[in-house]
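# Residue-level structural notes
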Amino acid sequence: MSTPDSQEQLKEEAKSIRLKLDKLLRADDKKALMMRLVCVYAGMITETLIDYEEPDVVMEQAFHRIADLLQTEPAEDDAAEDFMPLASDIDRDTEIGRQLAQITATRLPKELDDVHEIAIALVLDTASAWDEDKPGRDIMLRILAEAVVASLTYEMAAQDFCDFLIEDLVTEGFSPGEAIFGLSAVAGSYFAEASYTDALDDKAEESLWQVMAREAVLHGTPGTKNWQPLAASNDTENIRLRAYMETMRPETDKFFEMIGLEDSFGQAVAVAKAVGRMVAVVTVEDIGQIHPSIAKSLAKTGMILGSRYRADIVH
């Protein structure tokens with residue numbers, strides 16, 4: 001049972017988080033800022049779910065609770081579709097939330113359980129602004145739910161794909177560089193499909209580099225955080241590209257089919273996140289060490305060639 005002192009501590013932590021986010025988050029308008037806040041809170045909730053044996057059950061309980069307190073239900077998927085942030089933006093902001101949750105948990109007696117309560121309180125506090133203008137609380141609640149699901153999905157994908165590369169490919173003779181190059185080519189192939197079917201803006205490709213770089217930095221990779229200007233590796237016409245794609249793409253397709261992720265750009269983000277984590281594995285951990293600049297260059301080349309390879313097939 002919570003004591004008055006512990007409740008006061010949670011309130012103070014919630015206030016501190018909101019002040020930090022007021023300084024940290026930037027957006028073009030009030031509505032865009034509201035979307036970013038919701039995704040950050042989704043990331044906080046995500047971090048509190050990861051250690052549970054059945055995170056989906058705890059997540060469902062949390063959303064039932066939020067919906068009851070808000071006296072609304074999440075909007076249908078199609079109603080919220082036009083307001084949904086880009087997958088790469090969801091990853092960016094949920095990662096901010098996850099990092100906030102980790103830091104905050106160290107100061108609280110019940111750690112992530114207390115963070116869970118703080119995140120829900122922040123959502124409820126923000127909800128009053130949802131009704132001032134569109135999209136409204138039902139759509140914002142849907143965005144919150146979708147952002148939590150996406151964040152959990154990207155984390156599961158990053159871990160699953162890295163495990164596949166290390167346990168199934170590197171141990172069987174693939175070099176770490178080949179693993180990074182090949183998986184990044186797979187990310188590029190999903191991006192090419194998304195570019196063909198979705199209305200992606202000119203910044204979408206840059207946002208994938210940011211997903212990779214952010215994940216690599218989070219896991220300790222040194223050096224530049226901006227991969228966009230990096231030179232591609234010399235192997236610009238890698239003759240094994242098709243073999244890498246045929247080896248790795250069926251595994252990622254199977255994973256996405258199993259979890260029900262059909263959005264091509266969301267798939268590209270999930271794989272890009274795994275690439276960034278794999279870059280960290282081979283530059284920080286003792287698994288066939290590669291210099292950070294080389295690993296990043298391989299990742300960039302892989303995505304460029306994978307996107308080109310898939311685009312040629314699609315067109």
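Everything below is about the structure shown above.
Here the structure is a predicted model, which means the values were calculated and not measured. (Residues numbered from 1 in each chain as written. Predicted model: local features only at pLDDT ≥ 70, side-chain atom pairs only at ≥ 80, totals over all residues. Heavy atoms only, no water.)

### Structural notes on the overall build of the chain
We count it as follows: Secondary structure is summarised from DSSP: a helix means a run of H or I of at least four residues, a strand means a run of E of at least two, and numbering begins at the N terminus for each. For every residue, the accessible area obtained with a 1.4 Å probe (protein chains only) is divided by the maximum for its type, and the residue is called buried under 20%, exposed over 50%, and partly exposed between those limits. What makes two residues a contact is simply this: any of their non-hydrogen atoms within 4.5 Å. Only the protein chains shown count as covering a residue, and every accessible area follows the Shrake-Rupley method with a 1.4 Å probe.
Helix and strand content of the chain: twelve helices and zero strands. Starting at the N terminus and walking to the C terminus, you meet the elements of the chain as α-α-α-α-α-α-α-α-α-α-α-α. Within the chain, buried positions represent 52% of all 315 residues. Long-range contacts, defined as pairs at least 24 residues apart, comprise 83% of the intrachain contacts of the chain with a sequence gap of at least 6. Counting only carbon and sulfur atoms, one obtains 50% of the accessible surface of the chain, whose full area is about 15,400 Å².

### A few points about the packing of aromatic side chains
What counts here: Ring geometry is summarised as follows: Phe, Tyr and Trp rings, the Trp one being its six-membered ring, pair when their centres sit within 6.5 Å, and such pairs are stacked at plane angles under 30 degrees, edge-to-face over 60 and tilted between the two. Two thresholds decide whether a charge sits over a ring: the Lys NZ or Arg CZ must be within 6 Å of the ring centre and within 35 degrees of the ring normal.
Summed over the entire model, instances satisfying the criterion amount to seven aromatic pairs. Aromatic side chains phenylalanine 174 and tyrosine 244 sit 6.0 Å apart centroid to centroid with 55 degrees between the ring planes, which places their arrangement in the tilted category. With phenylalanine 174 in the loop between helix 7 (137-169) and helix 8 (176-197) and tyrosine 244 in helix 10 (residues 241-259), this residue pair connects regions lying 70 residues apart in the sequence. Classification of phenylalanine 174 as buried rests on a relative accessible area of 16%. Aromatic side chains tyrosine 190 and phenylalanine 256 sit 5.4 Å apart centroid to centroid with 80 degrees between the ring planes, which places their arrangement in the edge-to-face category. Here phenylalanine 256 lies in helix 10 and tyrosine 190 lies in helix 8, a separation of 66 residues in the sequence. An aromatic cluster is defined as three or more aromatic residues linked by ring pairs; in this entry it consists of Phe161, Tyr190, Phe255 and Phe256. The ring centre of tryptophan 209 lies 5.6 Å from the NZ or CZ of lysine 300, which sits over that ring.

### Let's talk about unusual backbone geometry
Phi at glutamine 71 takes a positive value of approximately 55 degrees, unusual for a residue other than glycine. Following the sequence through the fold, glutamine 71 ends up in the loop between helix 3 (55-70) and helix 4 (77-80). For glutamine 71, a relative accessible area of 75% corresponds to the exposed category. Unusually for a residue other than glycine, glutamate 111 sits at a positive phi of about 50 degrees. Inspection of the secondary structure puts glutamate 111 in the loop between helix 5 (87-105) and helix 6 (112-130).

### Quick look at the nonpolar core
The condition that has to hold: Throughout this description, the term nonpolar core refers to a set of buried Ala, Val, Leu, Ile, Met, Phe, Trp, Tyr and Cys residues connected via side-chain atoms within 4.5 Å.
One finds Leu21, Met44, Leu144, Ile180, Val271 and Met278 to be the most contacted residues of the largest nonpolar core, which totals 102 residues. The element that contributes the greatest number of residues to this core is helix 7, accounting for 18 residues. Beyond its immediate chain neighbours, meaning those up to four positions away, leucine 21 contacts Leu37, Val40, Tyr41, Ile96 and Leu100.

### Quick word on the pattern of salt bridges
Put simply, the rule reads: For salt bridges, the criterion is a side-chain nitrogen of Lys or Arg within 4 Å of an Asp or Glu carboxyl oxygen.
Here the structure, examined in full by the defined rule, presents 21 salt bridges. With a closest N to O distance of 2.8 Å, glutamate 155 and arginine 277 form a salt bridge. Highlighted residues: glutamate 155 in helix 7 and arginine 277 in helix 11 (residues 264-284), separated in sequence by 122 residues. Through salt bridges that share partners, Glu47, Asp91, Glu95, Arg98, Glu155, Arg214, Glu215, Lys273 and Arg277 make up one connected network.

### Examining the packing of helix 2 (residues 30-49) against helix 5
Our working definition: All axes here are fitted lines through C-alpha atoms, helices being fitted over the stretch that makes contact, and every angle between N-to-C directions spans 0 to 180 degrees. For classification purposes, angles smaller than 35 degrees are called roughly parallel, those larger than 145 roughly antiparallel, those between 65 and 115 roughly perpendicular, and all remaining angles oblique. Helix crossings are classified by the rotation of the near helix relative to the far one: an anticlockwise turn of less than a right angle makes the crossing left-handed, while a clockwise turn makes it right-handed. Asp, Glu, Lys and Arg are counted as charged, while Ala, Val, Leu, Ile, Met, Phe, Trp, Tyr, Cys and Pro are counted as nonpolar; the rest, among them Gly, fall into the polar class.
In the contact formed by helix 2 and helix 5, the axes pass within 6 Å of each other and the chain directions differ by 50 degrees. Of the possible angle classes, the one that applies to helix 2 and helix 5 is oblique. Crossing geometry of helix 2 relative to helix 5 is assigned as right-handed. Contacts between helix 2 and helix 5 pair Arg36, Cys39, Val40, Ala42, Gly43, Met44, Thr46 and Glu47 from the former with Ile90, Arg92, Asp93, Thr94, Ile96, Gly97, Arg98, Leu100, Ala101 and Gln102 from the latter. Residues that form the contact of helix 2 with helix 5 fall into these classes: eight nonpolar, five polar and five charged.

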